[in-house]
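Structural characterization, general
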Amino acid sequence: MTDKLIENPLREGLVSRATPGTCAIVIFGATGDLTHRKLIPALYNLAADGDLPPGLSVVGFARRDKTDEVFRQELYDAARKYSRQPVDDALWKNFGSSIYYHRSEFSDEEGYRRLAERLAEIDQERGTRGNRIYYLSAGPDQFEPILSHLTATGLNKTADGAWARIIVEKPFGVDLQTAQRLNTEVNHGFKERDTFRIDHYLGKETAQNIMVLRFANALFEHLWNHRYIDHIQITASEKLGVENRAGYYEGAGALRDMVQNHLLQLLCLIAMEPPTDLSADSIRDEKVKVLRSLRRIRGEEVFRSVVRGQYTDGSIDGEKVVGYRDEKNVNPGSMTETYVGLKILIDNWRWADVPFFVRVGKRLPKGGTEIGIHFKNAPGVLFNRDQPSARDGAQNVLVIRIQPDEGVSLRIQSKVPGASVRIQPVKMDFRYGTSFGKASPEAYERLLLDAMAGDATLFARRDEVEEAWRFIDDIEAAWRDHGTEKNLAFYPAGSWGPAESDALIEQDGRGWRRL
Ligand code: BG6
């Protein structure tokens, strides 16, 4: 693998560090939602754009009994529903024939031996050259048996010149201890450089653009520090409720589900120092330093810096929706949080005393993820004399919209046309859709392609995951120690979260941005 950036000749705009290599991708838990909604649509779109390496094959490994044909038909139906581009039947015929189904229990060693034989046949038929990607998309309780059988049957080993990589889906443990155990198991069979821990937010186009915005422009980096930035807001808001994932979500909650991974990753991209080069390790080294500099939130501090909430019944887009406790498979007395708002401080030179306000919630009025960089006010000498507060709209705000309607906008002050000098904030707006005239690839397209290319830049490294858990574990422990009853606030579905979250940011003299 080379660290030099090369243009992928197959798709304009998609820059990959190395050419994706052909392989067989074995998806464990292939009958699940992820395969249908994300993985197969992503692979189909790559095929449609001509980006898939020739011969690439997919083997679905799962417990249910079914034939290749039935499996292909199910995935075809799913692709028609979830694919970014409409499914072309002729193209699907070809793509669909590269998909196989392998029935086995996850704990049955014989099933893995049969898998090895099947993969050898696929190598012969389709020229996949012994290269493998194992994709762990089964329930997290199955990770251990899958990993140990892969290793016991030698499937983690490859012939000369071939490679075997592992992609691990979240949840990557439920705390530091379980994450460390999982890391040890993964690294028992696979080297760190062959381990790809998915955080699909890193695959989102605008998340990738954060580094470009910061380090390919002369404008921002000088201002990117405590001298010029007042505070930063990171918001991930969803209209959806828990849907059919209560089994997982009840034990996780919003802090583990979204903050430990996606939001801390975004925070790292915003806060990190410029890496020495663009290699996966240089970038991840810088991100880890940010995680290590997070001021830990412990004990009573949790009440001042973190708000947790749960949605009650309400309405979204005029439609009545039930409260979290009435959702399918949710404990009627559940204390799980579906909303978190928190204030994070980074104890390093660049970010001293700059609060990062982070909020994430389900059943909020609008779906959207964005990062707002709020600059300090200009000196109140000529024009801003009467606007000293950080809440009055006089600040320049750089907004990075991760989704939807990806883009970047800058709020500046402008004179309102007319004889008097009246000043009003206006927005300079860059939208991907308008500027580039085409839809961005889905996060999973980029990530799967990078895994085929062996480029781990957009995947979380072991130490990143563990450092993030250290930070989260303190908060979870404080909640536990003080009793979750004491610190769960409620908010009606369709509102912007509990009033306590507004108070959290207002006590600092700031206010949440309206999305
Ligand atoms: C997942 C979480 O990782 O991200 C979900 O488990 C959440 O709870 C989802 O809904 C949000 O992803 P996206 O891409 O829709 O913002």
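Conventions adopted
- Residues numbered from 1 in each chain as written.
- Predicted model: local features only at pLDDT ≥ 70, side-chain atom pairs only at ≥ 80, totals over all residues.
- Heavy atoms only, no water.
- Salt bridge = Lys/Arg side-chain N within 4 Å of Asp/Glu carboxyl O.
- Helix = DSSP H or I, 4+ residues; strand = E, 2+ residues; numbered from the N terminus.
- Buried < 20%, exposed > 50% of the residue type's maximum accessible area, 1.4 Å probe, protein only.
- Contact = heavy atoms within 4.5 Å.
- Near = heavy atom within 4 Å.
- Polar contact = N/O pair within 3.5 Å; in protein donor to acceptor, adjacent residues only side chain to side chain.
- Areas by Shrake-Rupley, 256 points an atom, 1.4 Å probe, with all protein chains shown as cover.
- Nonpolar A, V, L, I, M, F, W, Y, C, P; charged D, E, K, R; others polar.
- Phe/Tyr/Trp six-rings, centres within 6.5 Å; stacked < 30°, edge-to-face > 60°.
- Lys NZ or Arg CZ within 6 Å of the ring centre and 35° of its normal.
- Core = buried A, V, L, I, M, F, W, Y, C linked by side-chain atoms within 4.5 Å.
- Pairing = 2+ DSSP bridges.
- Axes fitted to C-alpha atoms, helices over the stretch in contact; angles between N-to-C directions.

**Notes on the pattern of salt bridges**
The tally for this structure, following the rule as stated, stands at 43 salt bridges. Its salt-bridge partner being Glu476, residue Arg256 comes within 3.8 Å of it at the nearest N-O pair. Remark: Glu476 occurs in helix α14 (residues 462–482) and Arg256 occurs in helix α9 (residues 246–271); sequence separation between them is 220 residues. Neither Arg256 nor Glu476 differs from the other in exposure class; each is buried. Here Arg308 makes a salt bridge to Glu337, at a shortest N to O gap of 2.8 Å. Of the two residues, Arg308 sits in strand β10 (residues 306–312) while Glu337 sits in the loop between β12 (319–321) and β13 (339–344), which places them 29 residues apart along the sequence.

**Observations regarding helix α5 (residues 143–152)**
Phe143, Ile146, Leu147, His149 and Leu150 are the residues of α5 that are buried. For α5, the secondary structure elements touched by its buried residues are β3 (24–28), α4 (109–126), β6 (132–136), β7 (164–168) and α6 (176–189). Looking at the residues trailing α5, positive phi occurs at Gly154, about 75°.

**A look at the site of the ligand**
Surrounding the ligand, one finds Lys170, His200, Tyr201, Lys204, Glu238, Arg245, Asp257, Met258, His262, Lys362 and Gln403. Within the contact set of the ligand, an oxygen atom lies 2.5 Å away from a side-chain nitrogen or oxygen of Glu238. Within the complex, 78% of the 400 Å² of free accessible area of the ligand lies under protein. No other element matches α9, which puts 3 residues into the shell around the ligand. Considered class by class, the residues forming the shell around the ligand number 2 nonpolar, 3 polar and 6 charged.

**A short note on the packing of aromatic side chains**
A full pass over the atoms with the stated rule returns 23 aromatic pairs. An angle of 65° between the planes, with centres 6.2 Å apart, marks the rings of Tyr249 and Tyr324 as edge-to-face. With Tyr249 in helix α9 and Tyr324 in the loop between β12 and β13, this residue pair connects regions lying 75 residues apart in the sequence. The structure contains a cluster of three or more aromatic residues connected by ring pairs, namely Phe28, Phe61, Phe106, Tyr112, Tyr134 and Phe190. Positioned above the aromatic ring of Trp163 is the side chain of Arg165, whose terminal nitrogen or guanidinium carbon lies 3.6 Å from the ring centre. In this arrangement the basic side chain of Lys204 is found over the ring face of Tyr201, its NZ or CZ atom lying 4.6 Å from the centre.

**A word on the nonpolar core**
Core analysis: the biggest nonpolar cluster contains 141 residues, and Phe28, Leu43 and Met452 have the highest contact counts within it. Considering every element that reaches this core, the biggest residue donor is α9, with 14 residues.

**Side note on the sheet that holds strand β19 (residues 488–492)**
In space, the 9 strands of this open sheet follow the order β18-β17-β16-β15-β9-β14-β13-β10-β19, with mixed pairing throughout. Every other strand in the sheet has two partners, leaving β18 (422–431) and β19 as the edge strands with one partner each. Here the average twist between neighbouring strands, direction ignored, is 20°. Of the pairings in the sheet, the one linking strand β16 (residues 397–403) to strand β17 (residues 407–416) comprises 5 bridges and is antiparallel in character. Within β17, the position partnered with Ile400 by the bridge is Val408. Lying over the sheet, helix α7 (residues 205–215) contacts β15 (368–375), β16, β17 and β18, oriented at roughly 145° with respect to β16.

**Re the pairing of β13**
With 6 of 6 residues buried, β13 is to be regarded as a mostly interior element. By the alternation rule, side chains of β13 split into Tyr339, Gly341 and Lys343 and Val340, Leu342 and Ile344, which are all buried. The pairing of β10 with β13 spans 4 bridges and is classified as antiparallel. Considered in β13, the bridge of Val307 is made with Gly341. Bridging between β13 and strand β14 (residues 356–361) involves 6 bridges; their strand directions are antiparallel. Counted as the bridge partner of Tyr339 is Gly361 from β14.

**Considering the environment of Pro171**
Residue placement: Pro171 occurs in the loop between β7 and α6. It is 22 Å that separates the C-alpha atoms of Pro171 and Leu43, two residues lying 128 residues apart in sequence. Beyond its immediate stretch of four places on either side in the chain, Pro171 contacts Pro140, Phe143 and Tyr248.

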